[in-house]
Amino acid sequence: MKWNLGWILWLLMALTCEAAEIVAWKVPLNRFVEQGLEAAGIVPCKSSPEPSPFFKKGDVLWDLKGISPENRIQTVPPLEWAVWNENSETLVIKADWNGIWQLHQRLKLDDLPKQCRITAEVFEVQADGLPVSDKSVPSLVHSCVSKSGQEVESIYHQHGKMIRLKSNATIGAGAPVVDLGLEISISLPDQPGLEINTGLTLISGSAVWAARDFDGTKGMDLRMAASIELLDGTPLSQALMIQKGGTVSPIEVDRRQIQRHRIGDKGWLTTQWLDPRNLADNDTTDPSVDPFAERDPREVPKPNRFREVMVPEILRAWFDRPVWDLREWTRNAGLELKDGSDFAGYDPLTQNVFIFSNSERLLDMFEALYSPMCCLRPAMLVATFDGNGQSRLVARSGQRCRLKRAIAEQKEIRFIEIEPTLGETGDMIDMRLHYRNDSVAQGIQSLKTAVTLRTGRTLELISGGNGEAKQSLRVKAEVIRVP
């Protein structure tokens, strides 16, 4: 009786929640119904169930609501409609947020086959040596795709421009992160060739300025990016899309660690990724329940025990859809939220737990409650050398990497090798380095040493000279934390 009453209360809540939304998943149809298009009950749609940017003229659409419930994924309450778009290979549904969440849990996007696209962009540095602007057009772009953990080698050579890329990209488990081992050689007309050997940790869809070498007149900037894709080339970030008016936008899991944002003069919003299973209401006291038993894949996920509510108006720019109300849950954890001003909630699609308050003490307690046991995120180190133009190289902590410039017959004019190691507290960097500059204009300059650097501070490595022929070499090391 207690179980039935809980379901009745939950269903009443579902009937009073916000209006249904239209959402699309880029998944094979057999994730929804095992038999795919061969399943009994599937019929062609004479027209789309309603206007939507997910449906275009000429699309072949199939109505999935006629499939018997035991042969397809069910939700409580049921979906308003479900359509398979054969052209775009997307499952499009309309449902309230409880139905969307239940379906999303069952479709298991994290299990979809994936591969990685690696993109290199080469820019010529202007004579003033200023950073490349966002509007600059690369002199050379090259992209290739590979399975996770498999080596890829690709070469492009045309019109005096050449790029040779050798890489091994490993996709992170459960997070949109790519570890990239990289060897790359680049040639542009009227410039010495550039060779880079390093390792990078990249967020899918983002780019990093991986290397630069500038002699005071000419130079190159290298930007590297990695994108996790589904097998048809769709970026993983677009695997789940929601309709907003006449457009669509992606919904992505936000796995960044604690973020604190100032909201006008009203307070702060703190967000943190949290696995929804950490909020699950599992009954471990029932001796008849086997905690190790495998679940029936057709089983409807247990409804969450939280009310669905809209966030206060001041937070609508961050959460424009219903969220789970965690105010009582948070109070039970010992945090004293003030009625009318403080709010705590959970967005099940981006998997973010959050709190809004003007009390920094409350925010600190919240962060202590939800911070992961290990707070160290993957780091990359940026070493910048100034004095003979400018050279920059990005590397992972504890890994040796190299930059080399060479002219005809492979005569080296600049060679840099570094092996940086980030200290435990993150404010000190140990670095072994080998620097050599054989350019005629600057004479010959060479240094092999090991130094300790303060993060973000410049250290003069070489100074002196005689008369006007003064020499100076400075290095600065900075830390890039992967979000």
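Residues numbered from 1 in each chain as written. Predicted model: local features only at pLDDT ≥ 70, side-chain atom pairs only at ≥ 80, totals over all residues. Heavy atoms only, no water.

1. So, the pattern of salt bridges
Part 1 of the argument: Inspection of every chain in the model, using the stated rule, returns 28 salt bridges.
Part 2 of the argument: Measuring nitrogen to oxygen at the nearest pair gives 3.0 Å for the salt bridge that ties Asp221 to Arg392. One end of the pair, Asp221, is in strand β13 (residues 219-230); the other, Arg392, is in strand β23 (residues 390-396), and 171 residues separate them in sequence. The same class applies to Asp221 and to Arg392, which are both buried.
Part 3 of the argument: Bridged by salt links that share partners, the residues Glu195, Lys404, Glu412, Arg436 and Asp438 form one connected network. (Salt bridge = Lys/Arg side-chain N within 4 Å of Asp/Glu carboxyl O. Helix = DSSP H or I, 4+ residues; strand = E, 2+ residues; numbered from the N terminus. Buried < 20%, exposed > 50% of the residue type's maximum accessible area, 1.4 Å probe, protein only.)

2. Comments concerning the sheet that holds strand β1 (residues 21-25)
Part 1 of the argument: Read across the sheet, seven strands follow the order β2-β3-β4-β5-β1-β14-β15 without closing on themselves; strand pairing throughout is antiparallel. Single-partner strands in this sheet number two, and they are β2 (43-44) and β15 (247-250).
Part 2 of the argument: Note that β2 and strand β3 (residues 61-63) share two bridges and pair antiparallel. Directly across from Pro44, in β3, lies its bridge partner Trp62. (Pairing = 2+ DSSP bridges.)

3. What about the environment of Gln126?
Part 1 of the argument: Mapped onto the elements, Gln126 comes out in the loop between β6 (114-124) and β7 (140-146).
Part 2 of the argument: In the structure, Gln126 is positioned 92 residues away from Lys218 in sequence and 6.6 Å away in space, judged by C-alpha atoms.
Part 3 of the argument: With sequence-adjacent residues up to four places away left out, Gln126 is seen in contact with Phe214 and Thr217. (Contact = heavy atoms within 4.5 Å.)

4. Focus: the sheet that holds strand β19 (residues 323-325)
What links the strands of a sheet is backbone hydrogen bonding, and the strands pair in either a parallel or an antiparallel sense.
Part 1 of the argument: Taking strand neighbours across the sheet as the criterion, the six strands line up as β16-β17-β21-β20-β19-β18 in an open arrangement whose pairing is antiparallel. Edge positions in the open sheet fall to β16 (259-263) and β18 (308-309), since each of these has one partner strand only.
Part 2 of the argument: By the bridge criterion, six bridges tie strand β17 (residues 267-273) to strand β21 (residues 352-357) in an arrangement that is antiparallel. From the neighbouring strand, Thr270 faces β21, where its bridge partner is Ile355.
Part 3 of the argument: Strands in contact with helix α4 (residues 360-370) are β16, β17 and β21; relative to β21, the strand with the most contacts, it is inclined by about 165°. (Axes fitted to C-alpha atoms, helices over the stretch in contact; angles between N-to-C directions.)

5. So, helix α2 (residues 97-107)
Part 1 of the argument: Burial within α2 is extensive, with ten of its eleven residues counted as buried.
Part 2 of the argument: Inspection of α2 places Trp97, Asn98, Gly99, Ile100, Trp101, Gln102, Leu103, His104, Arg106 and Leu107 among the buried residues, and these make up the whole buried set.
Part 3 of the argument: Count one or two residues on from α2 and you reach Lys108, which has phi positive near 50°.

6. Here's the deal with the nonpolar core
Part 1 of the argument: Formed by 55 residues in total, the largest nonpolar core has its most connected members in Ile184, Leu200, Leu222, Met224 and Phe385.
Part 2 of the argument: Looking at this core, the element that brings in the most residues is strand β22 (residues 379-386), giving six residues.
Part 3 of the argument: Grouped together as the second largest cluster of nonpolar side chains are 29 residues, Val23, Leu64, Trp84 and Ala239 included. (Core = buried A, V, L, I, M, F, W, Y, C linked by side-chain atoms within 4.5 Å.)

7. Let's talk about the state of the cysteines
Joining two cysteines, a disulfide is a covalent bond between their sulfur atoms.
Part 1 of the argument: One pass over the full model with this rule turns up zero disulfides.
Part 2 of the argument: With no disulfide partner, Cys116 has as its closest neighbouring cysteine sulfur the one in Cys144, 8.9 Å distant. (Disulfide = S-S within 2.5 Å.)

8. Focus: the confidence of the model for the protein
Part 1 of the argument: When pLDDT is averaged along the protein, the result is 85, and 87% of the positions lie at 70 or above.
Part 2 of the argument: Here residues 1-17 scores under 50 on pLDDT; set against residues more than four positions off or in separate chains, the count is 17 contacts.
Part 3 of the argument: For the stretch residues 281-287, pLDDT sits under 50, and the model shows three contacts to residues farther than four places along the chain or on other chains. (pLDDT = per-residue confidence, 0-100.)

9. Things to note about the pairing of strand β11 (residues 193-203)
Part 1 of the argument: Burial analysis of β11 places eight of its eleven residues in the buried class, which makes it a mostly covered element.
Part 2 of the argument: As defined by bridge partners, strand β10 (residues 177-187) adjoins β11 across ten bridges and the pair is classed as antiparallel. Bridging from a neighbouring strand, Glu183 pairs with Asn197 of β11.
Part 3 of the argument: Adjacent in sequence and paired antiparallel, β10 and β11 are bridged by five residues, among which Asp190 carries a positive phi angle near 65°.
Part 4 of the argument: Strand direction decides the pairing type here: β11 and strand β24 (residues 401-407), joined by five bridges, are antiparallel. Of the residues in β24, the one forming a bridge with Ile196 is Leu403.

10. Observations concerning unusual backbone geometry
Part 1 of the argument: With an omega of 0°, the peptide bond running from Val76 to Pro77 counts as cis.
Part 2 of the argument: Its location among the elements puts Pro77 in the loop between β3 and β4 (81-85).
Part 3 of the argument: One non-glycine residue, Glu89, lies in positive phi territory at about 55°.
Part 4 of the argument: Among the structural elements, Glu89 can be located in the loop between β4 and β5 (90-95).
Part 5 of the argument: On the basis of relative accessible area, Glu89 is assigned to the partly exposed category, the value being 43%.
Part 6 of the argument: Residue Gln351 is not a glycine yet carries a positive backbone phi of 55°.
Part 7 of the argument: Take Gln351: its relative accessible area is 11%, and that puts it in the buried class.

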